[in-house]
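What follows is each chain in one-letter form.
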Amino acid sequence: MRGLWLAIWLALAPVAAFAGQAGDITVQQAWMRYLLPGIPAGGYMVLVNNSDYPATLTGASAAACSALMLHQSMNMGGTAMMMPVASVPVPAHGQAELVEGGYHLMCMAPKMKPGETITVTLAFGDGSTLAVHMPVYGAAGAP
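Colleague: Which parts of the structure should I look at to understand the nonpolar core?
Modeller: For soluble globular proteins, the rule of thumb is that nonpolar side chains tend to be buried together. Residues Met 112, Val 120 and Leu 122 are the most contacted members of the largest nonpolar core, which totals 31 residues. Leave out the neighbours within four places in its chain, and Met 112 touches Met 32, Tyr 34, Ala 41, Ala 64, Cys 65, Cys 107, Ile 118 and Val 136.

Colleague: So what exactly am I meant to see when it comes to a nonpolar patch on the surface here?
Modeller: A contiguous nonpolar patch, built from Leu 35, Leu 36 and Ile 39 and spanning about 240 Å² of accessible area, is present on the exposed surface. In this structure, Ile 39 sits in the loop between β1 (25–33) and β2 (41–49). With a relative accessible area of 34%, Ile 39 lands in the partly exposed category.

Colleague: Just checking my understanding: could you explain the packing of aromatic side chains for this structure?
Modeller: In this description, a pair of aromatic rings is defined by centroid distance and the angle of the planes. Enumeration over the complete set of coordinates arrives at 2 aromatic pairs. Seen in terms of ring centroids, Trp 31 and Tyr 44 are 4.8 Å apart; in terms of plane orientation they differ by 40 degrees. Their pairing is tilted. Of this pair, Trp 31 sits in strand β1 while Tyr 44 sits in strand β2, placing them 13 residues apart in sequence. Taking the relative accessible area as the measure of exposure, Trp 31 reaches 11% and is therefore buried. Taken together, a centroid distance of 5.9 Å and an interplanar angle of 55 degrees make the contact between Trp 31 and Tyr 137 tilted. Of this pair, Trp 31 sits in strand β1 while Tyr 137 is found in strand β10 (residues 129–137), placing the two residues 106 residues apart along the sequence. On the accessibility criterion, Tyr 137 (25% relative accessible area) is partly exposed. Every member of this aromatic cluster is reached through a ring pair, and the members are Trp 31, Tyr 44 and Tyr 137.

Conventions used here
Residues numbered from 1 in each chain as written. Predicted model: local features only at pLDDT ≥ 70, side-chain atom pairs only at ≥ 80, totals over all residues. Heavy atoms only, no water. Core = buried A, V, L, I, M, F, W, Y, C linked by side-chain atoms within 4.5 Å. Buried < 20%, exposed > 50% of the residue type's maximum accessible area, 1.4 Å probe, protein only. Contact = heavy atoms within 4.5 Å. Patch = residues over 30% accessible without salt bridge, like charges linked within 9 Å, V, L, I, M, F, W, Y side chains within 5 Å. Areas by Shrake-Rupley, 256 points an atom, 1.4 Å probe, with all protein chains shown as cover. Salt bridge = Lys/Arg side-chain N within 4 Å of Asp/Glu carboxyl O. Helix = DSSP H or I, 4+ residues; strand = E, 2+ residues; numbered from the N terminus. Phe/Tyr/Trp six-rings, centres within 6.5 Å; stacked < 30°, edge-to-face > 60°.

Below, the structure is given as structure tokens:
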């Protein structure tokens, strides 16, 4: 009987692991800015961590993007730059803002248009994922 319980626990352990960080994250104010087909689109949102433990956003994917990367805008000696980053920390009982001029998503070769809603899958450091539905706005941004 003990062996049976161990087998059940081992079978369910991977499922429990994926109920981690993403299950404690809520997303607010999510949207994409689309300009033109040859220009990358930007993705913005606020990630709110409702748990006692920090979370780490490690990536994102979307069918509407040939590649979707985490980026950060910075000012280096008076020069504005955008650089890819490996992750975005989301503190326990805190939030991470993906905003213009800071952390954001960079969608290469976007296949979307204003008025649509795209689905973006966020990936977290523990292997969990979270699907986010993001309205697409034009150059003026979110209303």
